[in-house]
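Chains, contacts and geometry: an overview
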Amino acid sequence: MKIWTAKIGATSPSLPVKWKPHSKSVHGKTERHRRKQHSKNKVGPQNEDAFNNRIQSNHDPEITAQQVKKYLQANPDFLDGFVMDEIQLEQLERWMIRKTQRTRKVTQTEKNGRKTSLSRWKFCVHADKRQMLQDLIHSLQLRPTKMHVLWELANCICSAVNADGFRLYLTDATEAESLHLCLSNSFIDENGDPKPLQIKSDAILPNYVAKVRENLRLSRGDVDHRFPRDLLDRSEMAHVMCQPIVYPDGSLVAVLELWRRDCGAPFYEEDEEIGCSYLVWGGIAIHYAHLNLVGLKQRKLNDFLLAVVKSIFQDMVSMEMLVSKIMNFAQRLVDADRASLFLVDSKSKELYATIFDVGCDSKATKTENETDPSKAPNEIRFPLGTGIAGQVALTGEVLNIVDAYADTRFNRSIDQLTGYKTESILCMPIFIRGSVIGVVQMVNKRTGCFNKEDEEAFEMFAVYCGLALHHAKLYDKIRRSEQKYRVALEVLSYHNTCTDAEVEQCLEVGIPQKIPGVDSYDFSPFDIDDHQKALYSVFMFKDLFGLGRFDQNSIIRFTLTVKKNYRRVPYHNWTHGFSVANTMYSIIKNCGAVFRPNECLALFIGSLCHDLDHRGKNNKFMLDTEAPLAAIYSTSTMEHHHFNQTVTILQQEGHNIFAKLNSSEYKQVLSLIKHCILATDLALFFPNKAKLTNLVDEEKFSWTISEHRMLIQAIAMTGADLSASAKPWEVQTETVKVIFAEFYDQGDEEKKAGRKPIPMMDRDQPDQQAASQLGFLTGICVPCYTLLHRLIPETKPMLNMCNENLKTWQKIANENAK
């Protein structure tokens, strides 16, 4: 304690003179020697006046430490008032800690035959709270539960205030103001742990403290209008003190009830202060114990959900297997005895389940169908709004029912049939995109009733259930769609694949050994029938590539099936496919060794298959009408479909004309075929023409560069595709006739859809044919053949014939304009 000095002239007869701290430490040698010289006079109430007179007469500027000490010993009330009014709390805490560390002796005490981890010594009012906090932290590490910390804290306070016993009343997790369990030092197990007891009706004082959140002291015989006068007469408690235990945020955790017998003294304000001093630290410890417990539970829940996700999403399982897994996981999550899952049938507004009940006991009864593996399990169905599950499915709200038989919505008939007693129910909806798709119902929690923590954990689990069920439904749809696709493919393969009889017929007729004029750019596809076109195609293939690496039967089958897969539309039909292949054959035959063997193979097969399964509508129409093909291919819609049809034919038995090619050649040819077929999209012609024109104009084109070769292949494909414009006028006009027939069909479809077709496709504007052909030849055909002629001079007849047709269309357009 600091040394204090007095001002001379103090005149108070009952109090010492006014004090102020001396600048010299009490531990200084000079100060201690001086105080020894002034320590002989005894100061007390009986000689206070003489003491003051002596100070005034001797003009002694100071009093000694011994005199102050004697005065304070003789006047404890003054000391108490001075400390309470003048000394800061922090200073008092430091004094208490130093005093405790100096005088405390650690002893092992045993009270009522029990031992506690934090009550090995008797705490007093000046107990070291830092040490207590360290012990609480150590206790948390060993047993990090809220109840354990509260129990240890209650033992500490009970020892500190010399209480004969205590009771600890815990709040309900769902109702902060409700006390539901009682721990008493009189009821412990063989390990020294408390045995929870249910709250009795006589817990009047703890319930009152829980409500008002204030300390309460009461002794037997006290008159308090808030409580019955004989409240303590019926128990061994003669004196009671109740204190609320709260979290740092003010929410109630528990109520501590301390009591003493008749032989003990009543509880005073100092006892409240002792308890409060511990509860400040204890509240923080309880808070962090709760946080630790929540963290541990969350980690276990996360581990559990991870196992659920792995089990459900890694394995593509059937809906029945998934339902079983969900119920088993849900049952483990909330420690339920039984589980059921019902799915919502949105069409019939019903709940249904094929696996109704999953449980671990042997009381579960099976229906007749469930015992017979040859029969499908019975399906349970009932309307939405019926029973607990139906109500949850209808409202989308969680139902936590403590007593099922007390709820009017509960259906007892199932219990009567099975002999199973339903007590508590937790029923929760499963959502996907805001709609209830199912309901999971947990029955009979094994320990107690379903609580708020079960609801929160299961609510998170329900999210994964919804995703899993949605995932399983999609998988089930995909699996069924795949089977439907296979069936459809079998049907189409049967109807769109050539028969053995057709192959035999071709072999009997024989492939021509020579066809005069077939390699001429003027060859007309209208002079032969469809069957002859197939034979001519086989001839052209054999003439270009021979049979050294190819099988003749495969070539015949492939060609006949390609013929079958061209639809009967006015223009983009088998005749057009053959005509384009014939033109490409003429280019390859007449240009020498410009293209490499595999490039020639891809160009010819690509030309023959470039419009497979064409529907007579262009890409824009497919996109505008949101056709399924447009959803699959957003660019070059029909061209991608043509290539996929080509691959489909190649994959059919006996149709793989490339079977004798090695792996690298096979991949190269397929890649080139795709490139060639996609090049027939006129939307790609313009950028291809621009690139190739720049290379030729700048004299940078090289046949040794693969990118340059790809460009000339694309232009050659466009030239072959538009070859009707480079045929003699008779062939040109016949082709234009069927082209506009197809255009008008598309225009009619657009009119039905409420859209206005372009003039070229409007059958009500036939005078637009000449103008449209004039623009088509000028803008596309002539530039294409001009560029092709610059790189492959042998194609000059096509350019010349295209220019002749252009002049004729110009004359017709001029006549129409008059």
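1. So, the packing of aromatic side chains
Scanning all chains against the criterion turns up 21 aromatic pairs. Judged by centre distance (5.9 Å) and plane angle (50 degrees), the rings of Phe-740 and Tyr-744 are tilted. Highlighted residues: Phe-740 and Tyr-744, both in helix α26 (residues 729-752), separated by four residues, approximately one helical turn. With respect to burial, Phe-740 and Tyr-744 carry one shared label: buried. Three or more aromatic residues joined by ring pairs make a cluster, and in this case those are Phe-541, Phe-545, Phe-550 and Phe-604. Above the ring of Phe-267, the side-chain terminus of Arg-260 is found at 4.0 Å from the ring centroid.

2. Description of helix α7 (residues 146-160)
Spanning 15 residues, α7 covers 21 Å between terminal C-alpha atoms, matching the ideal 21 Å at 1.5 Å per step. Counting buried positions along α7 gives twelve out of 15 residues, so the element sits mostly inside the fold. Of the residues flanking the end of α7, it is Asn-162, one or two places downstream, whose phi is positive at about 60 degrees.

3. A short note on the confidence of the model for the protein chain
Residues shown with low pLDDT carry predicted positions that ought not to be read at fine detail. Chain-level pLDDT for the protein chain is 80 on average; 79% of the residues reach the 70-or-more range. With pLDDT under 50 throughout, residues 1-48 is counted as low confidence; its partners more than four residues away or in other chains account for 76 contacts. Counting contacts from residues 360-377, a segment whose pLDDT is below 50, to residues more than four positions away or on other chains yields 18 contacts.

4. Topic: the environment of Glu-453
Looking at where Glu-453 falls in the secondary structure, it is placed in helix α14 (residues 452-496). On a C-alpha basis, the gap between Glu-453 and Val-334 in space is 8.9 Å, while along the polypeptide they are 119 residues apart.

5. Observations concerning the packing of helix α16 (residues 530-545) against helix α17 (residues 552-564)
For the pair α16 and α17, interaxial distance at closest approach is 10 Å and the crossing angle is 140 degrees. Accordingly, the angle class assigned to the pair α16 and α17 is oblique. Helix-helix and strand crossings are classified by hand; for α16 and α17 the assignment is right-handed. Contact residues: Asp-530, Ala-534, Ser-537, Val-538, Phe-541 and Lys-542 in α16; Gln-552, Ile-555, Ile-556, Thr-559, Leu-560 and Lys-563 in α17. Looking at the contact of α16 with α17 residue by residue, the class counts come to six nonpolar, three polar and three charged.

6. A few points about the pairing of strand β8 (residues 252-260)
The buried count for β8 comes to nine of nine residues, which makes it a mostly enclosed element. Across six bridges, strand β3 (residues 165-171) lies against β8 in antiparallel orientation. Within β8, the position partnered with Phe-166 by the bridge is Leu-258. With eight bridges joining them, strand β7 (residues 239-246) and β8 adopt antiparallel strand pairing. Among the inter-strand pairings, Cys-242 is bridged to a residue of β8, identified as Glu-257.

7. Quick word on the nonpolar core
By size, the foremost hydrophobic cluster in this structure holds 51 residues, and its most contacted members are Phe-595, Leu-692, Ile-712, Tyr-785, Leu-788 and Ile-792. Every element with two or more residues in this core is listed here: α18 (574-590), α19 (597-609), α24 (682-697), α25 (706-721), α26, α27 (768-791) and α28 (796-817). Tallying contributions element by element places α27 first for this core, with eleven residues. Excluding residues that lie within four positions of it along the chain, Leu-788 makes contacts with Ile-587, Ile-712, Ile-715, Ala-716 and Thr-795.

Each value, and the rule that gives it
- Residues numbered from 1 in each chain as written.
- Predicted model: local features only at pLDDT ≥ 70, side-chain atom pairs only at ≥ 80, totals over all residues.
- Heavy atoms only, no water.
- Phe/Tyr/Trp six-rings, centres within 6.5 Å; stacked < 30°, edge-to-face > 60°.
- Helix = DSSP H or I, 4+ residues; strand = E, 2+ residues; numbered from the N terminus.
- Buried < 20%, exposed > 50% of the residue type's maximum accessible area, 1.4 Å probe, protein only.
- Lys NZ or Arg CZ within 6 Å of the ring centre and 35° of its normal.
- Expected span 1.5 Å × (residues − 1).
- pLDDT = per-residue confidence, 0-100.
- Contact = heavy atoms within 4.5 Å.
- Axes fitted to C-alpha atoms, helices over the stretch in contact; angles between N-to-C directions.
- Parallel < 35°, antiparallel > 145°, perpendicular 65-115°, else oblique.
- Left-handed = near helix turned anticlockwise from the far one by under 90°.
- Nonpolar A, V, L, I, M, F, W, Y, C, P; charged D, E, K, R; others polar.
- Pairing = 2+ DSSP bridges.
- Core = buried A, V, L, I, M, F, W, Y, C linked by side-chain atoms within 4.5 Å.

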